[in-house]
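Examining the three-dimensional arrangement
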Amino acid sequence: MRRVMEVNEDSKIHGLIVQLPLDSVHTINTERIINSVAPEKDVDGLTSINAGKLARGDLGDCFIPCTPNGCMELIKQTGETNTSRLQSGCQLIKKIMYADILVTGIGKPEMVHGEWLKDGAIYHFCYYYHCNSLFVHFSLCSDVTISRSCVPKPIECLAEEVGLFSDEVELYGRTKAKVQLKTIDRLQTQPDGKYVVVTGITPTPLGEGKSTTTIGLVQALGAHLKLNAFACVRQPSQGPTFGIKGGAAGGGYSQVIPMEEFNLHLTGDIHAITAANNLVAAAIDARMFHEATQSDKALFNRLVPLTGGQRKFSPVQINRLEKLGIKKTDPSMLTEEEITRFVRLDIDPESITWQRVLDTNDRFLRKITIGQSPTEKGFTRTAQFDITVASEIMAVLALTTSLADMKERLAKMVVATSRSGQPVTTEDLGVCGALTVLMRDAIKPNLMQTLEGNPVFVHAGPFANIAHGNSSILADKIALKLVGPQGFVVTEAGFGADIGMEKFFNIKCRHSGLKPHVVVLVATVRALKMHGGGPTVTAGTPLPKEYIEENLALLEAGCSNMRKQVENAQLFGVPVVVAVNAFKTDTKAELDLICKLAKEAGAFDAVHCSHWADGGAGAADLARAVQKAADLPNSFKFLYDIELPIADKIRIIAQKIYGADDIELLPEAQHKVDLYSKQGFANLPICMAKTHLSLSHDAEKKGVPTGFVLPIRDIRASVGAGFLYPLVGTMPTIPGLPTRPCFYDIDLDTESGEVHGLF
């Protein structure tokens, strides 16, 4: 529809023909499409205006359909009154064989065969399968070039196709929209679809294509198996986009489009989180400053100011009074002791866990000194910046189930501890209501589409190290309702199965109440060769020859890692399908060996895929395997009981998922176990923060390490999000820029407005 409107308004184009599908598969509003063409450019003469004038006999004031008009002109020119058309296939072939250039507008594929054409002939096939059919061009090797080669459906048309009402969709331009949460209420009686999570083996630093597989699988399910299918993925951070990793829209012919919109700002959710997070940080330091420079009475008079001759508590202040056990709502009734307790948060500066954030890789913000201006009167302290996606507010967004739930979670976030050992929350600071206001639009999932026109929710992007690394529960819940009981929702878990999948099950599914049907485990030849003892794989350098030449022995040795990750998935009672993401240097023998060993390890099925090169068609076998696996009996279960002591929950993950002999709580970690148990946070699930490059805590140990003790350096609490995160080793929360970041190649064409070099 958008392309039709563009042609209508383009004065350089005088006529337009819209080819509609001839099959019955596509349920489209043909009348709406035909009548979107401007009557003065309606070469087919099919709009209601032109057809009506033609029927009325106003031949001089309308477009007559081109085919009969052309036939009439031929009759005039030849003088023939008895005409015929080519009926014989032989006659047609004979004509075609003489053609130097053949253009067909038949509207049906495979009507002309290649052997009919003479050598050197140019053949152009005019056929539009759908709003954005996928035509694979092997010369298009750049992801962004491929993205631009496909014209996306107008987002309002996609929303209508998937069953959204117009008042449930907020448009952000032509290619993206937000979906209102009231959609869940409308569809609450609709049965859910099948729930699939895509994870991977322990990856190389290059990544193994989980995002690409997620999109390719959805394209296969939707465009090729003709099932309702929805992808739910994370929103990428600007940090890696401009750093070393690049974009995260998938790749090749399995990606979210437009990729520039996907990778840059989208609808501003990350910026909203940045603003909300830094408001909390400012509130912490301002409160400590004012408490240090004012008396109790002065603080009280400013916190509860006179308005119209009266003092009145705000709702958030009444909540703080109730938390303190003070059952009073009249400010004048508080005693001096109660006033002191009310106004003094008495934050211990050494206990502050809340940091400022920025959505940019910047190593020099890992440790800073704040408060150096003379106006701060010497109240300096050491602090740091984190990257925005590491903010607890991002984790809250991903795990919330409603606007009311988000407001409650934001209020529960613990930012520090008082000198008496009490947790200090955003509600104590009085800022939680303002946070909810800043996040009121960010809570709505963002609707986009794949190259083949399948719907995608892009929502939330928590850091996969110190958070759970999964997209939002809300997006999954809405999508599961929209696809219906026979449809599929495919989501992706960050990093390997030992991190992203484990957190998906034990944290995300625990909060959402959703039960997954299938695990898709992505494996690659190169990663398995690395685990078999292959040379180091380094981003930005060519792969050693071991990875681009057939080596079955090295590959078989590395399949131990895949076997362990299959076992990890089976611990949760969910069937596993292994997707072998094939690269052009992989041999059939290598791909077949992985599939054979995966099935021997207990996978329900294993298939190799070519979705990067072939789009959904390259993942059709994977889609069929997933469809069959989803019908298997499901015995989903969590790995541990959250009522267990903190150390016991950590030990279960370390031993059963990583293969450790035991854990070691270092002094700071043991102190946090005691503190959080005392503060009432011991029954939260565990979100392990460790390297993604090994099953162990040592990134250099590949394959399936054994005989190690997992050291727990520290434990931190994301109370609002609802988990504790133990730190295994040093875990930077804001990446640094490499010597040559991606931004060297990123630029804007000021003539066309196109972004170059993004991926």
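Residues numbered from 1 in each chain as written. Predicted model: local features only at pLDDT ≥ 70, side-chain atom pairs only at ≥ 80, totals over all residues. Heavy atoms only, no water.

What to know about the packing of aromatic side chains
We describe a pair of aromatic rings using the distance from one ring centre to the other and the angle between the two ring planes. Put simply, the test is: Only rings of Phe, Tyr and Trp enter the pairing, Trp through its six-membered ring, and a pair is recorded when the two centres are within 6.5 Å. The plane angle decides the type: under 30 degrees is stacked, over 60 is edge-to-face, the rest tilted. By definition, any uninterrupted DSSP run of H or I lasting at least four residues is a helix, any uninterrupted run of E lasting at least two residues is a strand, and each is numbered from the N terminus. Working rule: Lys NZ or Arg CZ, within 6 Å of ring centre, within 35 degrees of ring normal, means a charge sits over the ring.
Tallied over the entire structure, the rule returns 13 aromatic pairs. Relative to F572, the ring of F505 has its centre 4.5 Å away and its plane inclined at 35 degrees; by these criteria the two rings are tilted. Here the residue F505 occupies a position in helix α21 (residues 497-512), and F572 occupies one in the loop between α23 (552-570) and β21 (576-581), the gap between them amounting to 67 residues. Ring pairs connect the aromatic residues Y195, F504, F505, F572, F636 and F638, which therefore count as one cluster. The residue whose ring lies beneath R510 is F638, and the NZ or CZ to ring-centre distance is 4.2 Å.

Concerning helix α16 (residues 392-399)
Note on helix geometry: an α-helix contains 3.6 residues per turn, so any two residues three or four positions apart are oriented the same way. What counts here: Classification of residues uses two cut-offs on accessible area relative to the type maximum, computed with a 1.4 Å probe and protein chains only: under 20% is buried, over 50% is exposed, and between them is partly exposed. Each polar contact in these results corresponds to two N or O atoms within 3.5 Å; when the atoms are within protein, one needs to be able to donate a hydrogen and the other to accept it, and residues that are neighboring in sequence are counted only if both atoms are side-chain atoms.
Among the eight residues of α16, eight are classified as buried, and the element is accordingly described as predominantly covered. Where α16 is concerned, the buried positions are E392, I393, M394, A395, V396, L397, A398 and L399. Residue S391 occupies the N-cap position of α16, its side-chain oxygen lying 3.1 Å from the main-chain nitrogen of I393.

Things to note about empty space enclosed by the protein
Rolled over the atoms, a probe as big as a water molecule pinpoints where empty space is left. Quick reminder of the rule: Lining residues are defined by having an atom within 4 Å of a point belonging to a cavity or pocket. Those points lie on a 1 Å grid over the protein atoms alone, cavities being sets where a 1.4 Å probe fits but cannot get out and pockets being open sets with protein on both sides within 12 Å along at least five of seven lines. Grid points are joined across faces, edges and corners, and a volume is the space filled by probe spheres set on the points. By the convention adopted, Pro, Cys, Tyr, Trp, Phe, Met, Ile, Leu, Val and Ala count as nonpolar, Lys, Arg, Asp and Glu as charged, and the other residues, Gly among them, as polar.
One pass over the full model with this rule turns up three cavities of 30 Å³ or more. The calculated volume of the largest cavity comes to roughly 90 Å³. Residue lining of the largest cavity: Q235, P236, S237, Q238, F242, F262, N263, L264, H265, I270, H271 and D359, and that is the complete set. Listed by contribution, the elements that provide at least two residues to the lining of the largest cavity are α10 (238-242), α11 (259-263) and α12 (269-293). For the lining of the largest cavity, the per-class residue count stands at five nonpolar, six polar and one charged.

Section: the side chain of E492
Put simply, the test is: In this count, Lys and Arg are taken as positive residues and Asp and Glu as negative ones, while His and the chain termini are left out. The working definition used for a salt bridge is a side-chain nitrogen of Lys or Arg within 4 Å of a carboxyl oxygen of Asp or Glu. Every residue pair with non-hydrogen atoms within 4.5 Å of one another is taken to be in contact.
Inspection of the secondary structure assignment puts E492 in strand β19 (residues 488-492). Although buried, E492 forms no salt bridge, and the nearest oppositely charged side chain, K210, lies 4.2 Å from it. Side-chain polar atoms of E492 contact the side chain of S211, separated by 2.9 Å. Those residues within four positions of E492 in sequence are excluded, and the remaining contacts are V198, K210, S211, T214, C232, G469 and N470.

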